[in-house]
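# An overview of the molecular structure
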Amino acid sequence: MFSKLKLITGNSNRPLAEEVSRHAGIPLGDIELFKFSNDESFVKINDNVRGADVFVIQPTSYPVNDSLMDLLIIIDALKRASAQRINCVIPYYAYARSDKKDQPRVPITAKLVADLITVAGADRVVTVDLHADQIQGFFDIPVDHLYSIPTFARYFKSIMQMEDIVVVSPDSGGANRARALAKRLNCSMAIGDKRRSGNDDQSELLNIIGDVRGQTAILFDDIIDTGGSLIKVAQALQEQGARRILAACTHGVLSGKAIEYLEASPIEKLFITNTIQLAEYKRSCKKIVQLSIAEMLAIAIKKIHIGESISLLFR
Ligand code: R5P
């Protein structure tokens, strides 16, 4: 049992950390984080954390390498300040898609990042919708993997009639995730048979497996980055006669021209969570609706602190 629970945030998603702090009823710790003019990062924790159970909230989102480095030096500062346990709450885990050596001479960066976080001194990682479940195994410390599915399912049930709905995974890799949402919504599912061409961002859809004609399709994926994958599938769904096309993705990276492509796409609304803080121009896109996972994180943090199971959150 740990005596003091402390919440600390880096700079990558302060609004989410503030929301978690409100739900948990625990103030955010006092921390200074800045860059010297030579581009080196610096951190100073102004609160006493000796013997504390500290939760550091820092998704490794844009600017990815700065967010990651900030997380590492916060961990180091906490360790040297004698925190008893350092829990890294990383709602969005960047580099997760670099999870296998599927070409000659390429890195497995998701594993490298896991090693960096562990060596820096983290005792636990709390994360949301990893690109692949097995990334948990890249860590030699406990990983609490939380899911956004209950948040999306609750929301969809509250805004629409659950009739003629089909949940669509854009590719076979996301089939389990889509099946889990379809089960909660008590509806059918379909899968996009996607083939990526080359090693750039281009992807090509060949087919939709499953019946979508006349139905409201909910495209469901872990991440929307450039938007290429999702939008190609949305176009195929339109060609196959889907009546409405909605999309739900946990992590709204929305890089490059994603917003422009989304605006021009057949996707009526894109539902994302707040694992990543959105820039103002993305927030003002009329197609985007953000759902909060702050309460889920707050409950998980409190349960982890007192040593209770968190699986009840997902039943
Ligand atoms: C692929 O396996 C992922 O689940 C996403 O579909 C993909 O990485 C999203 O990237 P983008 O939006 O750039 O196509």
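Since this is a predicted model, take the numbers as computed values, not measurements. (Residues numbered from 1 in each chain as written. Predicted model: local features only at pLDDT ≥ 70, side-chain atom pairs only at ≥ 80, totals over all residues. Heavy atoms only, no water.)

### What about the state of the cysteines?
With the rule as written, the count across this model stands at 0 disulfides. In this structure Cys187 is a free cysteine whose sulfur lies 16 Å from that of Cys249, the closest cysteine sulfur available. A disulfide-free cysteine, Cys249 has its sulfur positioned 13 Å from the sulfur of Cys285, the nearest such atom. (Disulfide = S-S within 2.5 Å.)

### Observations regarding the sheet that holds strand β6 (residues 124-128)
Read from one edge of the open sheet, 5 strands run β1-β4-β5-β6-β7, paired in parallel fashion. Pairing within the sheet leaves two strands with one partner each, and these edge strands are β1 (5-9) and β7 (143-146). Here the strands of the sheet are splayed against their neighbours by 20 degrees on average, with no regard to which way each runs. Here β6 pairs with β7 via 4 bridges, running parallel. If you follow Val128 over to β7, its bridge partner there is Leu146. Contacting β1, β4 (53-57), β5 (85-90), β6 and β7, helix α9 (residues 294-306) runs over the sheet at an angle of about 160 degrees to β5. (Pairing = 2+ DSSP bridges. Helix = DSSP H or I, 4+ residues; strand = E, 2+ residues; numbered from the N terminus. Axes fitted to C-alpha atoms, helices over the stretch in contact; angles between N-to-C directions. Contact = heavy atoms within 4.5 Å.)

### A word on helix α2 (residues 64-80)
Helix length check: α2, at 17 residues, gives a terminal C-alpha distance of 25 Å against a target of 24 Å (1.5 Å per residue), a fit within 8%. Residues of α2 that are buried: Ser67, Leu68, Asp70, Leu71, Leu72, Ile73, Ile74, Ile75 and Leu78. On its buried face, α2 sits against β1, β2 (31-35), β3 (41-45), β4, β5 and α3 (109-120). Among the residues trailing α2, Ser82 stands out with phi positive, at a value near 70 degrees. (Expected span 1.5 Å × (residues − 1). Buried < 20%, exposed > 50% of the residue type's maximum accessible area, 1.4 Å probe, protein only.)

### Quick notes on helix α5 (residues 175-185)
Residues of α5 that are buried: Ala175, Arg177, Ala178, Leu181, Ala182 and Leu185. Along α5, the residues classed as buried sweep out an arc of 160 degrees about the axis, all on the same side. In α5, the exposed positions angled more than 90 degrees off the buried face are occupied by Asn176 and Lys183. (Arc of directions from axis to C-beta.)

### So, the environment of Ala217
In this structure, Ala217 sits in strand β11 (residues 216-224). Given the relative accessible area of 0%, Ala217 is considered buried. A C-alpha to C-alpha distance of 13 Å links Ala217 and Phe271, two positions 54 residues apart in sequence. Setting aside residues up to four positions removed in sequence, Ala217 forms contacts with Val166, Val168, Leu237, Ala242, Arg244, Ile245 and Leu246.

### Describing the pattern of salt bridges
Evaluated as defined, the whole model comprises 14 salt bridges. Between Glu18 and Arg14 there is a salt bridge, and its shortest N-O distance comes to 3.8 Å. Separated by 4 residues within a single helix, Glu18 and Arg14 lie in helix α1 (residues 14-24), roughly one turn from each other. On the basis of relative accessible area, Arg14 is assigned to the partly exposed category, the value being 32%. A single network of salt bridges, built from pairs that share partners, joins Lys35, Asp39 and Asp66. (Salt bridge = Lys/Arg side-chain N within 4 Å of Asp/Glu carboxyl O.)

### Section: the packing of aromatic side chains
As enumerated under the stated definition, the model contains 10 aromatic pairs in all. Each ring, one from Tyr155 and one from Phe156, has its centre 6.3 Å from the other, and the planes form 65 degrees; the classification is edge-to-face. Given a relative accessible area of 25%, Tyr155 falls into the partly exposed group. An aromatic cluster of at least three residues, connected via ring pairs, comprises Phe152, Tyr155, Phe156, Phe220 and Phe271. (Phe/Tyr/Trp six-rings, centres within 6.5 Å; stacked < 30°, edge-to-face > 60°.)

### Comments concerning the pairing of strand β13 (residues 269-273)
Of all 5 residues in β13, 4 are buried; the element is thus mostly enclosed. With 4 bridges connecting them, strand β12 (residues 244-252) and β13 associate as parallel partners. The residue bridging Ala248 from the neighbouring strand is Phe271, located in β13. Bridge count between β13 and strand β14 (residues 288-291): 4 bridges; the pairing is parallel.

### Description of the domain arrangement of the protein chain
We note that the domain assignment places domain 1 (5-147 + 294-314) and domain 2 (149-291) within the protein chain. On a C-alpha basis, the centres of domain 1 and domain 2 stand 27 Å from each other. Contacts between domain 1 and domain 2 engage 20 residues on the former and 15 residues on the latter. Taking both sides of the interface into account, the surface hidden between domain 1 and domain 2 amounts to around 1,400 Å²; carbon and sulfur atoms contribute 46%. Its largest share of buried area at the contact with domain 2, domain 1 owes to Tyr92, Arg97 and Asp129, together 35% of the area lost on that side. Asp225 is the partner of Arg97 in a salt bridge, and the nearest nitrogen-oxygen pair spans 2.6 Å. Our count for the domain 1 to domain 2 interface comes out at 9 residue pairs in polar contact (both at pLDDT 80 or more). Broken down by element, the residue count for the side of domain 1 that touches domain 2 peaks at 4 residues, all from α1. (Domains from an automatic or database assignment. Buried area = accessible area lost by both parts, 1.4 Å probe. Polar contact = N/O pair within 3.5 Å; in protein donor to acceptor, adjacent residues only side chain to side chain.)

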